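# Structure assessment
What follows is the residue order along each chain.
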Amino acid sequence: MTLISLVGEQPIPNLLPALYLKPSRLMLIHTDRTKKQAQNLKRFFKKKIQQGIHVETEEILIHNGYNITEISEKLRPLLNQYPNVVFNLTGGTKPMALAGYQLAQEKASPFFYLETEGKRSFLYKYQFHAPFALPNLDSPVELPELISIDDYLNAFLNNYQSTGFSQKEGGKFEKAVFDALKGKVDELQVGIKPTQVGSQIDIDLLVRIKNQVAVIEIKDK
């Protein structure tokens, strides 16, 4: 399966469907504005090869994310080049999604849309019974747990360090909050320091429930 995925400002709507659908090929359609997100996703799946997840990734640049003609001309050859093409239309600009929908309809290729509701993530699948027909909607699938906090961070960052609880006085309060949440969520990480993004950026606590991750800043005053 070849998954054509429209890249937006947030990488998770690209990441979760790809991890669930397990395509052999992932085409990341991005603009200059979302090039970094596409590169992070490509690097993410390259690391996943070591864990037995083999997804060949390729970036395709759209110069104008609002030019439907340009977008269609870039994407149409992919449908002829690769068999079994499906679309993830969750990200990207609205004109990118519109161009993707039109091509999916033209080729009767399925497309997917990810919805996040509270702590739950649902993947909707639309299918055409014939070219240029209206799509039929399958029952949405609630996605199982697919990512860890490490996956989440790698989708956003080049790299990071885990420094643990603060060595200053506030570290005691951080540990108290950590202990209070432990066992009530699926995963916790403290003291996250992204690399190559400035020396002042620190994340006190990250909390994950299923596929949802929250950043918590802890202050004792």
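For the structure, see preceding data.
Below you will find a few notes about this structure.

Here is what the cut-offs are and how they apply
- Chains are numbered independently. Their residues run from 1 in the order of the written sequence.
- Thresholds applied to this predicted model are a pLDDT of at least 70 for local features of residues and 80 or more for the giving and counting of side-chain atom pairs; totals over whole chains, interfaces and linings are not thresholded and use all residues.
- To obtain the side-chain values, all non-hydrogen atoms of the structure were included, while hydrogens and water were left out.
- By the criteria applied, helices consist of DSSP H or I runs no shorter than four residues and strands consist of E runs no shorter than two, each listed in order from the N terminus.
- Think of it in three bands: with a 1.4 Å probe and only protein chains considered, a residue is buried below 20% of the maximum accessible area for its type, exposed above 50%, and partly exposed in between.
- By definition in these notes, contact holds between two residues if any of their heavy atoms fall within 4.5 Å.
- Note on areas: Shrake-Rupley with a 1.4 Å probe; residue coverage comes only from the protein chains shown.
- Two strands are said to pair when DSSP picks up at least two bridges between them.
- Crossovers are marked right-handed if the path from the first strand over the helix to the second runs clockwise, as seen with the strands pointing away from the viewer.
- Note on geometry: axes are C-alpha line fits, over the in-contact stretch for helices, and angles between N-to-C directions span 0 to 180 degrees.
- A helix is expected to reach a length of 1.5 Å times the quantity of its residues less one.
- Think of a polar contact as two N or O atoms within 3.5 Å of one another; within protein, one of them needs to be a possible hydrogen donor and the other a possible acceptor, and neighboring residues in sequence only count if both atoms come from side chains.
- Among buried residues, the Ala, Val, Leu, Ile, Met, Phe, Trp, Tyr and Cys ones that are joined through side-chain atoms within 4.5 Å form a nonpolar core.
- Small angles under 35 degrees read as roughly parallel and large ones over 145 as roughly antiparallel, with 65 to 115 read as roughly perpendicular and the rest as oblique.
- Classes in brief: Ala, Val, Leu, Ile, Met, Phe, Trp, Tyr, Cys and Pro nonpolar; Asp, Glu, Lys and Arg charged; the others, Gly included, polar.
- Working definition: rings of Phe, Tyr and Trp (its six-membered ring) pair if their centres are within 6.5 Å, and the pair is stacked with planes under 30 degrees apart, edge-to-face with planes over 60 apart, and tilted otherwise.

### Here's the deal with the overall build of the protein chain
Along the backbone of the protein chain there are six helices and twelve strands. Along the three orthogonal principal directions, the C-alpha set of the protein chain runs to about 65 × 35 × 35 Å. The buried share of the protein chain, taken over its 221 residues, is 46%. Counting contacts in the protein chain only where the partners sit at least 6 residues apart, residues at least 24 apart contribute 59% of the total. For the protein chain, the computed accessible surface area is about 11,900 Å², with 51% contributed by carbon and sulfur atoms.

### With respect to the pairing of strand 3 (residues 56–61)
Pairing geometry for strand 2 (residues 25–30) and strand 3, over six bridges, is parallel. Bridged to isoleucine 29 within strand 3 is isoleucine 60. For the segment spanning strand 2, helix 2 (residues 35–48) and strand 3, crossover handedness is right-handed.

### Focus: the sheet that holds strand 9 (residues 160–162)
Taken in spatial order, the four strands of this open sheet run 9-10-11-12, and their pairing is antiparallel. Every interior strand has two partners, whereas the edge strands, strand 9 and strand 12 (212–216), have only one. Recorded for the sheet is a direction-independent mean angle of 40° between the axes of neighbouring strands. Pairing geometry for strand 11 (residues 203–209) and strand 12, over five bridges, is antiparallel. Pairing of isoleucine 209 across the sheet is with glutamine 212, part of strand 12. Seen against the sheet, helix 5 (residues 149–156) touches strand 9, strand 10 (187–194), strand 11 and strand 12 and runs at an angle of roughly 30° to strand 10.

### A few points about helix 3 (residues 68–81)
A rise of 1.5 Å per residue sets the reference length of helix 3, with its 14 residues, at 20 Å; its end C-alpha atoms lie 20 Å apart and thus fit the reference within 8%. Residues of helix 3 that are buried: Glu70, Ile71, Ser72, Leu75, Leu78 and Leu79. Here helix 3 starts with a cap whose side-chain oxygen sits 3.1 Å from the backbone nitrogen of threonine 69, and that cap is asparagine 67.

### Overview of the side chain of serine 72
Within the secondary structure, serine 72 is located in helix 3. The buried category is assigned to serine 72, whose relative accessible area is 10%. When sequence neighbours within four positions are dropped, the list of residues in contact with serine 72 reads Pro77, Ala99 and Leu103.

### Re the nonpolar core
Core analysis: the biggest nonpolar cluster contains 31 residues, and Leu15, Leu26, Phe45, Leu153 and Leu206 have the highest contact counts within it. Considering each element in turn, this core owes the most residues, six residues, to helix 1 (residues 12–21). The residues contacting leucine 206, other than those within four sequence positions of it, are Ile149, Leu153, Glu187, Leu188, Gln189, Ile192, Val213, Ala214 and Val215. Residues Ile4, Met27, Leu79 and Phe128 belong to the second largest nonpolar core, which totals 21 residues.

### Some points on the packing of helix 2 against helix 5
Where helix 2 meets helix 5, the closest approach of the two axes is 7 Å, and the angle between their N-to-C directions is 140°. It follows that helix 2 is oblique to helix 5 by the angle criterion. Residues Asn40, Phe44, Lys47 and Lys48 of helix 2 touch helix 5, and the partners they reach there are Asp151, Asn154, Ala155 and Phe156. Partitioning the contact of helix 2 with helix 5 into residue classes produces three nonpolar, two polar and three charged.

### Describing the environment of glutamate 142
Relative to the helices and strands, glutamate 142 resides in strand 8 (residues 141–142). In this structure the C-alpha to C-alpha distance between glutamate 142 and glutamate 115, which are 27 residues apart in sequence, comes to 9.5 Å. Leave out the neighbours within four places in its chain, and glutamate 142 touches Arg120, Ser121, Phe122 and Lys210. A polar contact of 3.0 Å, which involves the side chain of glutamate 142, links it to the side chain of arginine 120.

### Considering the packing of aromatic side chains
For the structure shown, the criterion picks out seven aromatic pairs. Taking the centre distance of 5.5 Å and the plane angle of 90° together, the rings of phenylalanine 165 and phenylalanine 178 count as edge-to-face. Placement of the pair is phenylalanine 165 in the loop between strand 9 and helix 6 (170–181) and phenylalanine 178 in helix 6, with a sequence separation of 13 residues. Since its relative accessible area comes to 27%, phenylalanine 165 is described here as partly exposed. The exposure class of phenylalanine 178 is buried, given its relative accessible area of 16%. Pairwise contacts between aromatic rings join Tyr101, Phe111, Tyr126 and Phe128 into one cluster.

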